[in-house]
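So you can see what is in the structure, the chains are spelled out below.
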Amino acid sequence: MEILKISENDFLSFIDKKIDEKNEKMIGVVKKGSHFIFDELESSENLALNYDVTMLPPKKYFQPPKELLLKYKPGDAESYRAVNSCDPMAIVGIHYYDLAAIYMMDRAFSEGERDEHYMRKRENSILIGLYPTKYFKYRFAKSVVRDQAYKVADLMMVKMNGDYVVEVVSEKGKDFIKDGNFVESGYSLQDLDEAKNSVKDDQKIPIPVELIPDYLGKNHAHPVWETFGEKCFSCGSCVLVCPTCYCFDVRDEVELDLADGKRIRVWDGCMLEDFATCADGHNFRKEKGQRFRHRIYRKGKHLPEKYHYFGCVGCGRCQYVCSADIAGPVKVFKYMEENKQGGKNV
Amino acid sequence: MCEDCTCGEEIQKNSIYLPEVAELVSKKKMTDIDSFFEFELKGRSLGHLPGQFAEISIPGIGEAPISISSPPSDENTFEMVIRNIGTVTNAIHNLNIGDKIGIRGPFGTSFPMNNLKGKNLLFVTGGIGLVPARSAILYALQNRADYKDITILFGCKEPAQRLFTDEIEEWKNRNDVNFIETVDICEEGEWDGNVGVITTLLPKLKNIDPLETYAIVVGPPIMYKYVIMGLHDMDFSDKKIIVSLERRMKCGVGKCGHCQMDNIYVCQDGAVFYYDDIKHLKEAI
C-alpha cells in the first residue's frame, strides 16, 4: 500500500479544489455550536478535523433519516416507480470506528436480498478516514474494532508532525487524490503506529469481544436487563445515534394536493415501545428489559455470529446521549461482571 | 434524483421495494371483520408455496404483510383472507372488483409438503391461523393420495368468527378428512358443537400415531405453548411439530428488523419452522 503525505495547508487547498470542481459533493466534519457534525463543505475553512465525535455518524448519507423509495399517484397501483438519490460524494475525516460501522451496514444491505437504494449510494461514495486526534471520554473503540476500516476506506489519514500521512487503500482513493500535492512519505506502516494510537481510550469493554456472543448466551436471565430496563425511558436516542443501527420503518406520504404520493423509509429502533407490535396489538417485546436485552444481543451476539465482527464499534455516542445513563455497552458489561448472580428472565 | 440520472432504470429494475400490480377479481365477506379476496397478478402466477406471505400495497396508504390462503397454482390468481384491523387492511376491504393493488413476494418459508408425504397430517389451527394453514390443507387434499390420515382441528373465539364455513362443511362431509372444531365461548343455544379452547380437542383424538404424524400448528401467539404441551402429552417429538409464527413483517427482505426473533429474521427464515429448530430460541414461543 502506498503511503503518501501532504501538508495541512496543501490538504485544505486540495479540498477547496475538489469543492470547486463539483465532481462530487464534498462532505466533512464541521463545528456546530459546541459539537461536531458531518455536513456538506462550502469551503475548507469549515472543515474541523480535530474533533472528538460527531453527533450523528456518516450513516445518514447512505441510509438517510427519511429516504424516498417509491413515487406514485395515490390510488393508482400501476404508477409505482422506484427512485433513488445517489449523487457522487466524498466524505472527509471519518474516524476508524465509523468506517467499521459502514462495513457492517454494507454487509447488512448487500448480503441476502441486495438493497440497491443503499448500495448505489455507497458505490458512488469515496470514504476518507482519519485516526482520531482528540480524546472523547465515552469512546472505547480500541477494545472492539479490528481491521474493518480498511475494508471500506478509500484513503486513511493520520496526522503526523503537522502533515497528513495518507494510506492509499483503494484504486478509487488513488484516483481521487491524483491531482493533489500528495508526495511519497518515506514512512513504513510501523512508523504510523504511534500516531494512530496517540489518542487513548479510557473506556474498555471488560470482556474480550470474541467471547461476548457466548457470554450473552449464558446471561439471558441476568439481572442487568430488568435493572437497566427499568431505568430506560424508551426514547430511542441510543439507536438513533448508533452507527450500526439500521432498522427502519416504511411509510406512505401523500402530498397536500393528493396528486402525488411517496413511499419513504425512516429510521426506526428496537428500543421504541411498539417496534415489535403486530396488527392485532400483540407486542413481542413488551417489557423494557426485553427491548434493552435485544439491543445488546444484536450488537454483542446476533451481528457477531452473522458477520464475525462485534456489532458495536465503540463510538460512545449512545452513552453520551442516554438521559438515564444506561445505554453504553461498557456500562452494561461492567454491571454484568460485577453482578454475576442469576436473575429473573424478563 | 436518480429518476433523472443513468441509474433510474437500474433502480426500477432492481429495487426490492417496488411492487408489481395485481387486480381484485372477487371478494366475499366471511365475518364482521374478515373478508376473502381473490387477486389476479398481471402476466404470471405468484409461484408461492403453502404457508408463504406477500406484502400488499395500497398507494397512499401503505403496505402490509398478508398470508396467502390458496394452494400453489399455475393460474395467475391467488387468494387471501384479510382481517380489517389497520389502515392498509381497511383500504383493502374498501376495494371494488377491478381495483388494483401492489404486491411484493411471495416471501418466507413454506410448509414442507414434500417431506410430509406418506405421513398423517394433524392441523391444529386457531382463529385466522386457519388462513395460512388452508394453503397447506387444500394442497394436501389436491394431492390426497400422497398423505395418510388428515385431521384438522379448528378453534376460534366464538361461532361468529368461524372462517371458510362452506369449506368446513365439505371437510366435515368427506370421509377421508377428520375435521373437529370448537369455540372458546358461545351464547346459550347459539352453538351445539364443542366449547373450550383448542387444546381441549387434542384428548379427543384417537389412534394418532405420533411417530407417523406431523402436527402443523398455526394460531395466535398465546396458542403455541399450550398446543405444544398437548402434543408432547401425545408423545409427539419436536421434529414432528411444524409451526408458523406471527411477527411484525415489514420489509419482507430481512433488513428492517421488525420481525426479528433472537438472531432470526422471521420474514425470511420463517414464518414456517420445525419446532425442533427454534425451540432453543428464547423469543420464539
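Residues numbered from 1 in each chain as written. Chains lettered and ligands numbered in written order. Predicted model: local features only at pLDDT ≥ 70, side-chain atom pairs only at ≥ 80, totals over all residues.

**With respect to the interface of chain A and chain B**
Counting from both sides, the interface comprises 45 residues of chain A and, opposite them, 40 residues of chain B. Of all elements in the fold, only β4 (66–73), β5 (76–82), α2 (96–110), α3 (116–123), β11 (248–254) and α10 (288–307) of chain A reach the threshold of two or more residues within the side of chain A that touches chain B. With seven residues, β5 of chain A is the single largest residue contributor to the side of chain A that touches chain B. When its residues are assigned to classes, the side of chain A that touches chain B shows 21 nonpolar, eleven polar and 13 charged. (Contact = placed C-beta atoms within 7 Å. Helix = DSSP H or I, 4+ residues; strand = E, 2+ residues; numbered from the N terminus. Nonpolar A, V, L, I, M, F, W, Y, C, P; charged D, E, K, R; others polar.)

**Concerning the pairing of strand β1 (residues 20–29) of chain B**
Working note: regular strand, side chains alternate between the two faces of the sheet. Residues and elements named next belong to chain B. Here β1 pairs with strand β6 (residues 100–107) via four bridges, running antiparallel. Its bridge partner being in β6, A22 is matched across the sheet by I101. Direction of pairing for β1 relative to strand β2 (residues 34–41): antiparallel, over a ladder of seven bridges. Its bridge partner being in β2, K27 is matched across the sheet by F37. Here β1 hands over to β2 after four residues, the two strands then running antiparallel side by side. (Pairing = 2+ DSSP bridges.)

**A few points about the domain arrangement of chain A**
All names here are of chain A. Here chain A is described as being made up of domain 1 (3–64 + 83–196) and domain 2 (209–249 + 268–338). Counting from both sides, the interface comprises 23 residues of domain 1 and, opposite them, 20 residues of domain 2. Here the residues of the side of domain 1 that touches domain 2 sort into 15 nonpolar, three polar and five charged. (Domains from an automatic or database assignment.)

**So, helix α5 (residues 221–233) of chain B**
Residue and element names in this part refer to chain B. Here α5 has its buried residues at M223, Y224, V227, I228, G230 and L231. In an axial view of α5, the angular spread of the buried residues amounts to 160 degrees, which keeps them on one side of the axis. Exposed and oriented more than 90 degrees from the buried face of α5 are I222, K225, M229 and D233. The secondary structure elements touched by the buried residues of α5 are β7 (120–126), β11 (213–218), β12 (241–244) and α7 (275–278). Looking one or two places after α5, you find D235, whose phi comes out positive at around 70 degrees. (Buried ≥ 20, exposed ≤ 12 C-beta atoms within 10 Å, placed from the backbone. Arc of directions from axis to C-beta.)

**Thoughts on unusual backbone geometry**
Of note, the amide linkage connecting G105 of chain B to P106 of chain B takes the cis form, showing an omega dihedral of 5 degrees. With respect to the element layout, P106 of chain B can be found in strand β6. In this structure, the amide linkage connecting G270 of chain B to the following residue, A271 of chain B, adopts the cis form with an omega of 5 degrees. With respect to the helices and strands, the residue A271 of chain B is situated in the loop between α6 (266–269) and β15 (272–274). With a phi angle near 50 degrees, S234 of chain A is a residue other than glycine that sits in the positive phi range. Positive phi outside glycine occurs at H308 of chain A, with the angle close to 65 degrees. Mapped onto the secondary structure, H308 of chain A falls in the loop between α10 and α11 (317–321). A tally of 10 C-beta atoms within 10 Å means that H308 of chain A is categorised as exposed.

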